[in-house]
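Examining the three-dimensional arrangement
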Amino acid sequence: MGLKIYNTLTRKKETFEPVHPGKVGMYVCGVTVYDMCHIGHARSVVLFDVIYRYLLKSGFQVTYVRNFTDIDDKIINRANKLGENWKDLAERFIKEFSVDMDALGVKRPTIEPKATDHIPDILSLISALIEEAHAYEVDGDVMFSVSSFSPYGKLSGKKTEDLVSGARVDVDEKKKDPLDFALWKAAKKGEPFWNSPWGPGRPGWHIECSAMSMRYLGSSFDIHGGGSDLTFPHHENEIAQSEAATGESFVRFWIHNGFVNIRSEKMSKSLGNVLNIRDILKEVHPEALRLFLLSSHYRSPLDFNDTSIREASVGLERMYSALMALEELINAGGIVNELPEELSDLGSKFEDAMDDDFNTPKGLALLFDASRAINRIHAEAGPNKDKIPIKESLENVKKTLLGWANEVLGLLNEAPEIFIENARRSGAKDLNITKEEIERLVQERSEARKAKNFKLGDEIRNRLLEYGILIEDGPKGSTWRVRD
RNA sequence: GGCGGCUUAGCCAAGUGGUAAGGCGACGGUCUGCAAAACCGUUAUUCGGCGGUUCAAAUCCGCCAGCCGCCUCCA
C-alpha cells in the first residue's frame, strides 16, 4: 500500500518516497534545555519515536537527528536567576531530559547534536547568506532579509503583507524590515559569546536547526518534525535560511503534532498547570502514558485529565491480560488449524493503519480486537486442546502482536504477570497497614473459608477493605490488591 | 483583523463518496459460598443545524451556530 504522510507544506497526504531510496533523513526539533520537560514535549517525542521505529521496521535505513538548543535567552535568564553557570544549567537539563526519555522508553536518535557544538557550521551558513545578500549585519547583529526570499510564508500559509500589517511583530530599529529575524545576536555585557566575523555574539534560534540538520542530513532531506507551534515562525525561517543559502529544496515532508491540553485548558506557565513528565510518571505507568499519547491522532489536540489517563491505564492492563492469556494458550498448545480473522490479519491491517499517516488510534483498536479474540479462545477452550490453535500459529500471533505493540508503539515491554502483579500492588506503601499484616490476614481468612466459616472470612475481608485492600479469590487461592 | 482547524453514542476516539472501528462507563451473563477480579455479550438507523451535488454523503459544496489553534517565546 505504501506510506502516506500528511505534509504541512502541501496540506495533503502524500505518498512517502525518500530522496535516496531505502534511506531516510529525519530531523526533529528537540527541546530548549532550561527546565524539566512536560507532557507536551512527551507527546512530540513519543510521536516521532513511533515514526522512527515504524520507518526502521519498514526496512529504511534511518538517520534520526534530534537537537538540543543549549544556548538561548531562556537559558541565560534562568541561569542568572538561579545563580548557576548557563552551561552547567543546560547540561543538567540535558541529563534530566534523557532520564525522562529513557523512562518513557524512547529510542535514542542516531544523533543528538547541541547547538553550541556547531558554532562553525552556523557561522559558515550565516556568511553564505550575507554573501548572497540574503542577510545583513547591523552593529554586530546579523539579520535575515525576508524580502530577499520570495517563497517566504509557503509553509505557514502566511502572506508577508498580512504579517506586516499584523501589529504583533516587534518593531526593531536595527531591522530593515519588521519581518527580518536575527541570525546572530551581538553579546550584551556578561552574556556568553563566541567570536565571529561580526564580533562576539551567539546564534539566533532558527539558524541552529538549519545548520545542524544540513550538517548531518545534507541540504535536502526527507522529514522535519516538531510541535505545531513551531510551524511559524521557526520552521518557516528555517526554510528561508536553508533554501536561500543552498538554492535547493530543504525538506520534503513537514510533520507537526497537535498540542496537549490539561483538563480542557491550554497548558502554560501563567495558568500554572504545566505537568512534568517526571511528576506524571510517579502516578502513571510509562506505557500507560505512551498509550494515552497515541490514543488520538497526532495532529488532533489531546486532553489530559483524570479520566483520559485512567482509561489508558485500564486499556493497557487489558492488553497485558490478553498477552498473558496468549502465553497460557501457547503453553497448552492445541490442534485447531485456523485462526480468527482478528489474529490472522493483524499484521497487514496494522501496517495499513500506520501507512495511513501513522494512524495509531486505529492501530490500537486492532490490538484491542486481537486481545478480545485471544480472550475468547482462552475462555471458550478451557482445558480442551481441541479448541486451541496449534502452538506454531499462536507463537506467530505473539510475534506479530509484539512486533507492532512493542517494537513500533513501545508498549508491552514487560512480562505480563509481572506487570499485572505490580499494577495490583502499586500504592501499597501509602497504606496504614504493612504487607506482612495483610498477608497474615489473608492467610487467616483462607483458613476460615476452608472450614466454611464464611462469617469470619467476610469479616476479615471487610476489615482489609477499610485499609483499602481488596481480596480476590481465584482458583490458586486468594490474592489482594490495592483499591483504586 | 488575517490564516488554519475542529464539531461522530453518557465520556474519549477512528472513519474524507458505498451505508458507523476501538476504548472507558453502564447494563446483562459466565465464574464464585457470597463478592471481587477476569472474561463474554449488549449498548449511535445515525455523525452540530439547514440547504445543495450524487444512484449513493459522517465523508464533496454553500450558508448558519458553537469551539479551538497560529499570527509573540512555546512541543
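Residues numbered from 1 in each chain as written. Chains lettered and ligands numbered in written order. Predicted model: local features only at pLDDT ≥ 70, side-chain atom pairs only at ≥ 80, totals over all residues. Heavy atoms only, no water.

Quick look at the overall build of chain A now. Secondary structure summary: chain A contains 17 helices and 15 strands in total. Residues classed as buried in chain A amount to 49% of the 484 residues present. The long-range share in chain A, meaning contacts at least 24 apart out of those at least 6 apart in sequence, stands at 77%. Element-wise, carbon and sulfur atoms account for 48% of the exposed surface of chain A, whose accessible area totals about 23000 Å². Positive and negative charge centroids in chain A, built from 64 and 76 side chains respectively, lie 4 Å apart. (Helix = DSSP H or I, 4+ residues; strand = E, 2+ residues; numbered from the N terminus. Buried < 20%, exposed > 50% of the residue type's maximum accessible area, 1.4 Å probe, protein only. Contact = heavy atoms within 4.5 Å. Areas by Shrake-Rupley, 256 points an atom, 1.4 Å probe, with all protein chains shown as cover. Lys, Arg positive; Asp, Glu negative; His and termini not counted. Charge placed at Lys NZ, Arg CZ, Asp CG, Glu CD.)

Another aspect to go through is helix H6 (residues 205-217). If you check H6, its first and last C-alpha atoms are 19 Å apart, about what 13 residues at 1.5 Å a residue would give, namely 18 Å. Counting buried positions along H6 yields 10 of 13 residues, so the element is predominantly enclosed. The set of residues buried in H6 consists of His 206, Ile 207, Glu 208, Cys 209, Ser 210, Ala 211, Met 212, Ser 213, Met 214 and Leu 217. Residue Gly 218 follows H6 closely and has a positive phi angle near 90°. (Expected span 1.5 Å × (residues − 1).)

Within the structure shown, the criterion is met by 32 salt bridges. Among the ionic pairs, Lys 57 bridges to Glu 407, the shortest N-O distance being 3.8 Å. One end of the pair, Lys 57, is in helix H1 (residues 39-57); the other, Glu 407, is in the loop between helix H14 (391-405) and helix H15 (416-425), and 350 residues separate them in sequence. Here Glu 407 falls in the partly exposed class, since its relative accessible area comes to 45%. (Salt bridge = Lys/Arg side-chain N within 4 Å of Asp/Glu carboxyl O.)

What follows covers helix H7 (residues 231-246). Think of an α-helix as turning once every 3.6 residues; residues three or four places apart then point the same way. End to end, H7 covers 21 Å across 16 residues, agreeing with the expected 22 Å (1.5 Å per residue, within 8%). Within H7, 12 of the 16 residues are buried, which leaves it mostly tucked inside the rest of the structure. For H7, every residue scored as buried is listed here: Thr 231, His 234, His 235, Glu 236, Asn 237, Glu 238, Ile 239, Ala 240, Gln 241, Ser 242, Glu 243 and Ala 244. Following H7 by one or two positions, Gly 247 has its phi on the positive side, about 75°.

Next up on the list: empty space enclosed by the protein. Summed over the entire model, instances satisfying the criterion amount to 2 cavities of 30 Å³ or more. Computed from the structure, the largest cavity encloses a volume of approximately 50 Å³. Arg 43, Leu 47, Leu 293, Leu 294, Ser 296, Tyr 298 and Thr 360 are the residues that line the largest cavity. Of the residues that constitute the lining of the largest cavity, the class distribution is 4 nonpolar, 2 polar and 1 charged. (1 Å grid on protein atoms, 1.4 Å probe; cavity = no way out; pocket = protein on both sides within 12 Å on 5 of 7 lines; lining within 4 Å. Points joined across faces, edges and corners; volume = space filled by probe spheres on them. Nonpolar A, V, L, I, M, F, W, Y, C, P; charged D, E, K, R; others polar.)

Another aspect to go through is the sheet that holds strand S10 (residues 251-257). Pairing between the strands of a sheet is mediated by backbone hydrogen bonds and can be parallel or antiparallel. The strand order across the open sheet formed by 4 strands is S4-S3-S9-S10, and the pairing between neighbours is parallel. Strands with a single pairing partner mark the edges of an open sheet, and in this sheet they are strand S4 (61-69) and S10. Taking the axes of each pair of neighbouring strands and ignoring which way they run, one obtains an average angle of 20° across the sheet. When strand S3 (residues 23-32) meets strand S9 (residues 221-227), the two strands line up parallel, connected through 3 bridges. Residue pairing across strands places Tyr 27 opposite His 224, the latter belonging to S9. (Pairing = 2+ DSSP bridges. Axes fitted to C-alpha atoms, helices over the stretch in contact; angles between N-to-C directions.)

All right, on to the pairing of strand S15 (residues 477-482) then. Of the strand pairs in this sheet, strand S14 (residues 469-474) and S15 are connected by 6 bridges, and their pairing is antiparallel. By the bridge assignment for S15, Glu 472 is matched with Thr 479. Between the end of S14 and the start of S15, which pair antiparallel, lie 2 residues.

Right, let's get into the packing of aromatic side chains. As enumerated under the stated definition, the model contains 15 aromatic pairs in all. Chaining the aromatic ring pairs together yields one cluster made of Tyr 54, Tyr 298, Phe 350, Phe 358 and Trp 404. In this structure, Lys 57 is placed above the aromatic ring of Trp 404, and the distance from its NZ or CZ to the ring centre is 4.8 Å. Note that Arg 299 overlies the ring of Tyr 298, its terminal NZ or CZ placed 5.5 Å from the centroid. (Phe/Tyr/Trp six-rings, centres within 6.5 Å; stacked < 30°, edge-to-face > 60°. Lys NZ or Arg CZ within 6 Å of the ring centre and 35° of its normal.)

Take the sheet that holds strand S12 (residues 265-266) next. With mixed pairing, 3 strands are arranged side by side in an open sheet as S12-S11-S13. In this open sheet, the two edge strands, each paired with only one partner strand, are S12 and strand S13 (302-304). The pairing of strand S11 (residues 260-262) with S12 spans 2 bridges and is antiparallel. Directly across from Ile 262, in S12, lies its bridge partner Glu 265. Across the face of the sheet, H1 comes into contact with S11 and S13 while running at roughly 155° to S11.

Topologically, Ser 156 is positioned in the loop between strand S6 (141-144) and helix H5 (160-165). Given the relative accessible area of 15%, Ser 156 is considered buried. A distance of 2.6 Å separates the side chain of Ser 156 from the side chain of Glu 236, its partner in a polar contact. The residues touching Ser 156, leaving out its near neighbours within four places in the chain, are Arg 11, Thr 231, Phe 232 and Glu 236. (Polar contact = N/O pair within 3.5 Å; in protein donor to acceptor, adjacent residues only side chain to side chain.)

This part is about the environment of Pro 200. Along the chain, Pro 200 falls in the loop between strand S7 (181-186) and strand S8 (201-203). Taking the C-alpha atoms as reference, Pro 200 lies 25 Å from Pro 233; in sequence the two are 33 residues apart. Setting aside residues no more than four positions away along its own chain, Pro 200 makes contact with Trp 184, Ala 186, Ala 187, Phe 193, Trp 194 and Asn 195.

With that settled, the discussion passes to the packing of H6 against H7. Two numbers describe how H6 lies on H7: the axes approach to 9 Å, and their chain directions differ by 55°. The pairing of H6 with H7 is recorded here as oblique in orientation. Here H6 runs over H7; the crossing is right-handed. Residues Trp 205, His 206, Ile 207, Cys 209, Ser 210 and Met 214 of H6 pack against Pro 233, His 234, Asn 237, Glu 238, Gln 241, Ser 242 and Thr 246 of H7. (Parallel < 35°, antiparallel > 145°, perpendicular 65-115°, else oblique. Left-handed = near helix turned anticlockwise from the far one by under 90°.)

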